[in-house]
Amino acid sequence: MAAIPNMTRLSHAVRSAPVAAAFPAEPLYATWQQALKDAVRDPLLLASLLDLPDRWGTDALRAAETFPLFAPKSYIARMQKGNPRDPLLRQVLPVSAELTPTPGFSPDPVGDAEASLLPGLLHKYDGRVLMVTTGACAVHCRYCFRREFPYSEIPPGADAWDPALARIRSDKSIREVILSGGDPLTLVDSQLRILAERLADIPHLRRIRIHTRLPVVLPQRVTDELLGWLRGSRLTPIVVIHANHAAELVGSAASAIARLVDAGIPLLNQSVLLRGVNDTVPDLVQLSERLLDLRVIPYYLHLLDRVRGAAHFEVPTATGIRLIESLRRQLPGYAVPRLVREISGQPHKIPLA
Ligand SMILES: *Cc1c(COP(=O)(O)O)cnc(C)c1O
Ligand code: SF4
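Each chain has its residues counted from 1, running along the sequence as written. Chains carry letters and ligands carry numbers; both start at the beginning, A for chains and 1 for ligands, and go up in the order they are written. The predicted nature of this model means local features are confined to residues of pLDDT at least 70 and side-chain atom pairs, given and counted, to a pLDDT of 80 or more, with totals for whole chains, interfaces and linings taken over all residues. Side-chain metrics rest on all non-hydrogen atoms present in the structure, leaving aside hydrogens and water.

## Concerning the nonpolar core
- Note on terminology: a nonpolar core comprises buried Ala, Val, Leu, Ile, Met, Phe, Trp, Tyr and Cys residues joined through side-chain atoms within 4.5 Å. Relative accessible area decides the class of each residue, using a 1.4 Å probe on protein chains only: under 20% of the type maximum gives buried, over 50% gives exposed, and in between gives partly exposed. Judged by nonpolar contacts, the single largest core of 80 residues is most densely connected at Met 131, Ile 168, Leu 179, Leu 199 and Leu 267.
- Start and end positions for the domains come from either an automated domain assignment or a database one. Split by domain, the residues of this core number at least three in each of domain 1 (4–99) and domain 2 (116–351).
- One finds Leu 273, Leu 303, Ala 335 and Val 336 within the second-largest nonpolar core, a separate group that totals 14 residues.

This is the structure we're talking about:
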């Protein structure tokens with residue numbers, strides 16, 4: 001190897017001089033499963049990784065009893081140390097406000113129980129069914145409307161999908177199957193490949209849509225095997241990722257998204273409008289701009305589903321509409337997400353702006 005000129009060595013030494021790290025380090029793992037196993041479950045550990053006073057951890061303990069903390073270190077690596085208002089931290093840190101009962105906030109705000117055809121199969125909208133493939137997620141989002149979903153009723157293995165597949169086969173009006181959860185990408189590729197093959201065997205199906213937060217929170221999950229079965233299917237694949245803030249879309253998450261797009265898979269993003277996370281015009285403009293940098297089209301901005309424990313995240317509908325009007329002035333039309341709310345019993349998500 002050629003000798004390194006002194007100048008290069010000098011500038012390298014300058015750049016790598018120890019400075020106070022602003023973000024926790026992102027560890028390297030052999031497999032995504034190991035990354036998932038090493039996710040942080042202890043609020044006190046999270047506080048210490050982020051140089052936050054212990055009281056942030058202790059305050060979290062009670063709320064974590066109903067819905068535990070769960071966040072991979074790759075995601076934590078994008079949180080700013082010492083900042084209790086970090087928009088990523090707020091999405092995962094349990095807080096005592098979750099325990100305050102609020103009228104109008106219930107365990108099943110979107111009527112999933114009513115729309116359930118079979119355990120794990122929801123048919124709310126024409127032409128599309130949603131398969132709840134697993135109860136597991138790679139992160140616990142504090143605002144999640146499925147916080148209290150009866151996941152134990154979900155089929156545990158491949159055979160258990162038989163009734164859902166039979167149902168889809170018997171209904172020729174279904175053209176698209178949405179794999180959801182939990183997060184379908186917490187399942188291993190061998191299982192997902194089998195499921196995709198069995199779906200592709202149903203002649204009237206045209207598309208397979210995957211709703212997942214893993215490319216954002218556990219980027220290592222975007223494996224060659226995943227790209228292989230997604231691309232190899234007869235069904236048109238569509239991946240809907242879930243990012244709420246531009247700061248989520250850096251580093252390994254940006255590379256994971258690039259791999260999906262380079263594989264020719266259409267990528268959309270859905271977000272939830274969350275107080276203290278993304279409820280300002282600059283936050284939402286940056287999110288859309290960042291998505292476009294990564295070749296992802298903003299799809300939905302959901303108003304919060306009124307699930308018990310999430311009231312402190314709610315942004316009034318009128319504020320949401322005003323925010324979208326500002327985005328319309330500042331962004332190309334295709335970069336403005338549709339503001340929607342899900343109302344149980346309605347034939348589609350309700351557009352508000
Ligand atoms: C949101 C949702 C869909 C998909 O709706 P789109 O408007 O097509 O994105 C389908 N089924 C269920 C149960 C849903 O909640
Ligand atoms: S990843 Fe999705 S389903 Fe899982 S907790 Fe977050 S919002 Fe809910």
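Continuing now.
## Quick notes on the site of ligand 2
- Consider each residue's heavy atoms; a residue with any of them within 4 Å of a molecule or strand counts as near. Around ligand 2, the surrounding shell consists of Cys 137, Val 139, Cys 141, Cys 144, Gly 182, Arg 213 and His 242.
- Residue composition of the shell around ligand 2, by class: four nonpolar, two polar and one charged. Three residue categories are used. Nonpolar comprises Ala, Val, Leu, Ile, Met, Phe, Trp, Tyr, Cys and Pro, charged comprises Asp, Glu, Lys and Arg, and polar comprises the others, including Gly.

## Remarks on the pattern of salt bridges
- We define a salt bridge as a contact between a side-chain nitrogen of Lys or Arg and a carboxyl oxygen of Asp or Glu at a distance within 4 Å. Under the defined criterion, the tally for this structure stands at 13 salt bridges.
- A salt bridge links Asp 162 to Arg 198; the shortest N-O distance between them is 2.6 Å. Of this pair, Asp 162 sits in helix H8 (residues 162–170) while Arg 198 sits in helix H9 (residues 189–200), and the two are 36 residues apart along the sequence.
- The closest approach of N and O atoms between Glu 342 and Lys 349, which form a salt bridge, is 3.2 Å. Note on conventions: DSSP H or I runs of at least 4 residues are helices, E runs of at least 2 residues are strands, and numbering of each starts at the N terminus.

## Notes on the side chain of Gln 91
- With respect to the helices, strands and loops of the structure, Gln 91 is situated in helix H6 (residues 87–92).
- Every residue pair with non-hydrogen atoms within 4.5 Å of one another is taken to be in contact. If we ignore the near neighbours within four places in the chain, the residues touching Gln 91 are Tyr 75, His 140, Cys 141, Arg 142, Tyr 143, Arg 213, Asn 244, Glu 248, Leu 274 and Val 277.

## Things to note about the site of ligand 1
- Residues in close proximity to ligand 1 include Lys 124, Tyr 125, Arg 128, Leu 130, Ile 178, Arg 209, Tyr 299, Tyr 300, Glu 342 and Lys 349, which together make up its full environment.
- Measuring from an oxygen atom of ligand 1, one finds a side-chain N or O atom of Tyr 299 at 2.7 Å.
- Polar contact is defined as a pair of N or O atoms within 3.5 Å, subject to the rule that within protein one atom must be able to donate a hydrogen and the other to accept it, and that residues adjacent in sequence are counted only when both atoms are side-chain atoms. Taking Glu 342, its side chain carries an N or O atom lying 3.4 Å from an oxygen atom of ligand 1.
- Note on areas: Shrake-Rupley with a 1.4 Å probe; residue coverage comes only from the protein chains shown. Taken by itself ligand 1 offers 390 Å² of open surface, and the protein chains cover 91% of this.
- Among the residues making up the shell around ligand 1, the classes are represented as five nonpolar, no polar and five charged.

## Here we look at H9
- Helix length check: H9 (twelve residues) gives 16 Å between terminal C-alpha atoms against 16 Å at 1.5 Å per residue, within 8%.
- For H9, the set of buried residues is Asp 189, Leu 192, Leu 195, Ala 196, Leu 199 and Ala 200. Along the long axis of H9, the arc covered by the buried residues comes to 135°, so they all point the same way.
- Its buried side turned inward, H9 meets strand E3 (128–132), H8, strand E4 (176–180), strand E5 (207–212) and helix H11 (224–232). Between the first and last residue of a helix there are one fewer steps than residues, each counted as 1.5 Å, and that sum is the expected span. What the arc measures is the spread of directions leading from the helix axis to the C-beta atoms.

## Details of the packing of H8 against H9
- Only the stretch in contact is used when a helix axis is fitted, and all axes are lines through C-alpha atoms; the angle between N-to-C directions ranges over 0 to 180 degrees. Running from amino to carboxyl end, H8 crosses H9 at an angle of 25°, the nearest separation of the two axes being 10 Å. Relative to H9, H8 is oriented roughly parallel. Two packed elements cross with a definite hand, and for H8 against H9 that hand is right-handed. Of the residues in H9, those in contact with Asp 162, Leu 165 and Ile 168 of H8 are Leu 195, Arg 198 and Leu 199. When an angle is under 35 degrees it counts as roughly parallel; over 145 it counts as roughly antiparallel; between 65 and 115 it counts as roughly perpendicular; any other value is oblique. Crossing handedness is read from the near helix: turned anticlockwise from the far helix by less than a right angle, it gives a left-handed crossing, and turned clockwise, a right-handed one.

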